[in-house]
Structure formats: C-alpha cells, structure tokens
Amino acid sequence: MYQAKAYAAKSATSGLAGMAIPRRDPGEHDVQIDILFCGICHSDLHAVRNEWSEFMPTVYPIVPGHEIVGRVTKVGAAVKKYKVGDLAAVGCLVDSDRTCPQCQQGLENFCPNLRLTFNSPDEHLGGVTYGGYSDSIVVDERFALRVPENLKLAGAAPLLCAGITTYSPMRRREVGKGKKVGVVGLGGLGHMGVKLAHAMGAHVVAFTTSESKKDDAVRLGADEVVVSRNANEMQKHANSFDFILDTVSADHDVNAYLTLLGRNGDLTIVGAPPKPLAVTAFALIMGNRSFSGSNIGGIPQTQEMLDFCGKHNITADVEVIPIQKVNEAYERLLRSDVKYRFSIDMASLKSDH
Ligand code: NAP
Ligand code: ZN
C-alpha cells in the first residue's frame, strides 16, 4: 500500500479538498498509472452531492473521477499489454467478476459484481474505490485502455465516459448515413454525441436550452440546431427522427422529444436526473415509438470507441483547470456553463499542499 494525493468530499455539502488516500501496490496483473488529466463528469457531481441516494448512495469520503488518462509507472510481473512509459486510460469500471454471461460478452458494465472506479466496494483495501481526482491509480490491466497517440490528452480524458456513453447507444441504433439523429443537451455528453454522430455520417440536429451554444453546435458537427425553448422550432421536426439521444442531467419534458420521433423511432436516455420523468403514453403509442436507456459501455467497445476517435481525430472540447478550481467548476457545471468539458490538469495536484 502507498499514499496517493487526491481531492475528496467528506460530505454532500463540504465541497472537495485535498486528502491523502491509500492505493494498493500493483499486483501481478496490475498497472500503476500516473494520472495526467481527469475529466469532470456530471455524474461526479451527482455522486459527490449524494443526489442518487436512492439508487447508489454515496459513501464518504468520496474521490470522484472516471475519465482518466495518464502514463504507466509500474507494471506487475504478469502484465502483457502495457510497459512503463505507455499511455493508458481508465474509465468508469475497474473490475468485474469476469465469469458471468455479461462479462463473457465484454459487457462488464452489466456485471452484477461490477466495480466502479469510485464509490464501489474495494476488496483489495476495504472501504470503497477512489477515482481519478488523484495523482495515481492502480488497476488490473484488463480494465485499462489504450489511448491513440495522435489525440491530445486533456481532450482524450472525457472520451472515457462522455465518449463511450454516447458512442454505445448510437452503435446499437445503427446511427450512420441516411439517419436523422437528435442530441438533447450540449454539455459534456451531448457535445460528444454531436461529434460522434457527425463522424458516423448521420444528419445531426442539436437541441439546446442555451442560445449562446448555437454557433458552437454547428462547429461541433450539427447540421441543424434547435433552441428547445422555442415551440415553433421544435414543431418543425415533429415525427421525423430515427433516433434521439437525451443527455440532460436535470428534470425536463421528455414528451417534447418523443413526439419528434418518426415511426419506430427511439429516444435513448443517458442523462440521469435524480427525480422520475413523466412520460405520456400517447407520445409512445402514436408511431410505435420506444423510450430506452443506456449505461456507459463494456471494455471492448470502449477501446473500439477510442480507436474510432483516434482514426477521426475526435476529442472533447475542454476547459483545462487546476484541481484547486474544482468546486467552482461544479457550480458552473450546474449552470450549464462549460464548453464543453472540464479537464483537470493533474500537475496542479502535485504542487498542492
Ligand atoms: P453536463 O455537462 O452538465 O450537460 C448536461 C446538459 O444538459 C447541459 O449542458 C444543458 O445543455 C442540459 N441541461 C441541464 N439542465 C437542464 C434543464 N434543467 N433542462 C434542460 N436542459 C438542461 O452533464 P454531462 O456530464 O454531459 O452528463 C449528463 C447526464 O448524463 C448526467 O445526469 C450524468 O450523470 C449522466 N451520465 C450518464 C451516463 C450513463 O451511463 N448513462 C454516463 C455519464 C453521465 P444545454 O445548455 O445545451 O441546454
Ligand atoms: Zn461519467
């Protein structure tokens, strides 16, 4: 065991501050990674503030962060894929039972014994797992990912959650040429959704509540942009979408989007608002529409997504911040005031006292 530096929250209202945490020494199959950048996902904020207390209560102290890129500094004797000095990434998963039907299909994200990067039981050290707002992490190489060398690291970090969470449902729904695809909410997930759907060849319509994001949406790859507060603009797209990806983190009217789906169209929700959403049966019945959900992605598909992003030179648009600004960043995230992902430069933690 060794001590790592981290930023942790001690309660739902304390905010985050520096704290030393234990990390295990790398075992036979483990890699130790010196973290260079970690993205800030809205899930970090939901968890830090215990907003999902009904579904996954937060154990304090919590060290969030599951969009991790860094360099390998140590490898266990049996490690095959990585050597010291390699780039490596860690997303939302750090372990699973590896034997269940889900794991056997590379869908570790649905393993009943899944271990998330933070706030999951840690059988190595006891307590819970600690995430990426830290100077290092130790993980089984099976849960580490390769980062394409051409990608800028600060913008590559958010691919590990925002990237895979939007990539996975779009692959499942065969997003591509000839498909009309909507992306609701231009935040961390949404802006990745726009970039990825565009790269897959779809006709992309971005929905935003923020007038000020209109020009950006086009630059990010949207063919059309709708300010969702404008009912006329919304109405023009009625009954027309093959697929809509909803990334909104708070309560909103999902029926307004369901009615924009064409026959057999699907709206997949990836946003995780803490409170239930009201769905009108008629919005689904009229047109055989479906309303689905999607949960990150398995390790093989996460690698596939990273390679896709490498090939198409896709990274997140990031505002790089020192870790000392993390509490301010959370307040801005709540106001939808980030273009489009905060990425923490972990060099700032090394000099933190
Ligand atoms: P984010 O960066 O805060 O983006 C959310 C966006 O939703 C905002 O930028 C805003 O876009 C829109 N929005 C926010 N409040 C709204 C409201 N009251 N009404 C309408 N639109 C609103 O968050 P994120 O990191 O992308 O995460 C989004 C959600 O996905 C979170 O709930 C997160 O926990 C969840 N998530 C789920 C998974 C999964 O596996 N399913 C994985 C990661 C994250 P505009 O300014 O454009 O309107
Ligand atoms: Zn996330």
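If you're wondering where the values come from, they're calculated on a predicted model, not measured in any experiment.

### Things to note about the overall build of the protein chain
- Along the backbone of the protein chain there are 12 helices and 16 strands.
- For the protein chain, the C-alpha atoms occupy an extent of roughly 60 × 40 × 35 Å along the three principal directions.
- Here the protein chain, with 353 residues, has 57% of them falling under the buried criterion.
- Within the protein chain, contacts between residues at least 6 apart in sequence are counted, and of these 68% link residues at least 24 apart.
- For the protein chain, the computed accessible surface area is about 14,800 Å², with 52% contributed by carbon and sulfur atoms.
- The distance from the centre of the 37 positive side-chain charges to the centre of the 39 negative ones in the protein chain is 3 Å.

### What to know about the packing of helix H4 (residues 162-172) against helix H10 (residues 299-312)
- Between H4 and H10, the shortest axis-to-axis distance is 10 Å and the interhelical angle comes to 100°. Taken as axis vectors, H4 and H10 run roughly perpendicular relative to one another. Seen from H4, the contacting residues are Gly-163, Ile-164, Tyr-167, Ser-168 and Arg-171; seen from H10, they are Gln-301, Thr-302, Glu-304, Met-305 and Phe-308.
- Split into classes, the residues belonging to the contact of H4 with H10 amount to four nonpolar, four polar and two charged.

### Considerations on the environment of Ser-336
- Looking at the element boundaries, Ser-336 is found in the loop between helix H11 (326-334) and strand S16 (341-345).
- Residue classification places Ser-336 among the partly exposed positions, given a relative accessible area of 40%.
- In this structure, the C-alpha to C-alpha distance between Ser-336 and Val-63, residues 273 residues apart in sequence, is 23 Å.

### Side note on the packing of aromatic side chains
- Taken as a whole and assessed by the stated rule, the structure comprises three aromatic pairs.
- Measuring from ring centre to ring centre gives 5.3 Å for Phe-207 and Tyr-257, while their planes differ by 80°; the resulting arrangement is edge-to-face. Note that Phe-207 is positioned in strand S10 (residues 203-208) and Tyr-257 in helix H8 (residues 255-258), a separation of 50 residues in sequence.
- Judged by relative accessible area, which is 6%, Tyr-257 ranks as buried.
- Cluster of aromatic residues (ring-pair linked, three or more members): Phe-207, Phe-241 and Tyr-257.
- Its end group placed over the ring of Tyr-82, Arg-146 keeps NZ or CZ at 4.7 Å from the ring centre.
- Positioned above the aromatic ring of Phe-241 is the side chain of Lys-180, whose terminal nitrogen or guanidinium carbon lies 4.6 Å from the ring centre.

Reading guide: rules and limits
- Residues numbered from 1 in each chain as written.
- Chains lettered and ligands numbered in written order.
- Predicted model: local features only at pLDDT ≥ 70, side-chain atom pairs only at ≥ 80, totals over all residues.
- Heavy atoms only, no water.
- Helix = DSSP H or I, 4+ residues; strand = E, 2+ residues; numbered from the N terminus.
- Buried < 20%, exposed > 50% of the residue type's maximum accessible area, 1.4 Å probe, protein only.
- Contact = heavy atoms within 4.5 Å.
- Areas by Shrake-Rupley, 256 points an atom, 1.4 Å probe, with all protein chains shown as cover.
- Lys, Arg positive; Asp, Glu negative; His and termini not counted.
- Charge placed at Lys NZ, Arg CZ, Asp CG, Glu CD.
- Axes fitted to C-alpha atoms, helices over the stretch in contact; angles between N-to-C directions.
- Parallel < 35°, antiparallel > 145°, perpendicular 65-115°, else oblique.
- Nonpolar A, V, L, I, M, F, W, Y, C, P; charged D, E, K, R; others polar.
- Phe/Tyr/Trp six-rings, centres within 6.5 Å; stacked < 30°, edge-to-face > 60°.
- Lys NZ or Arg CZ within 6 Å of the ring centre and 35° of its normal.

Read these as layout, nothing more, since geometry by itself doesn't imply function.
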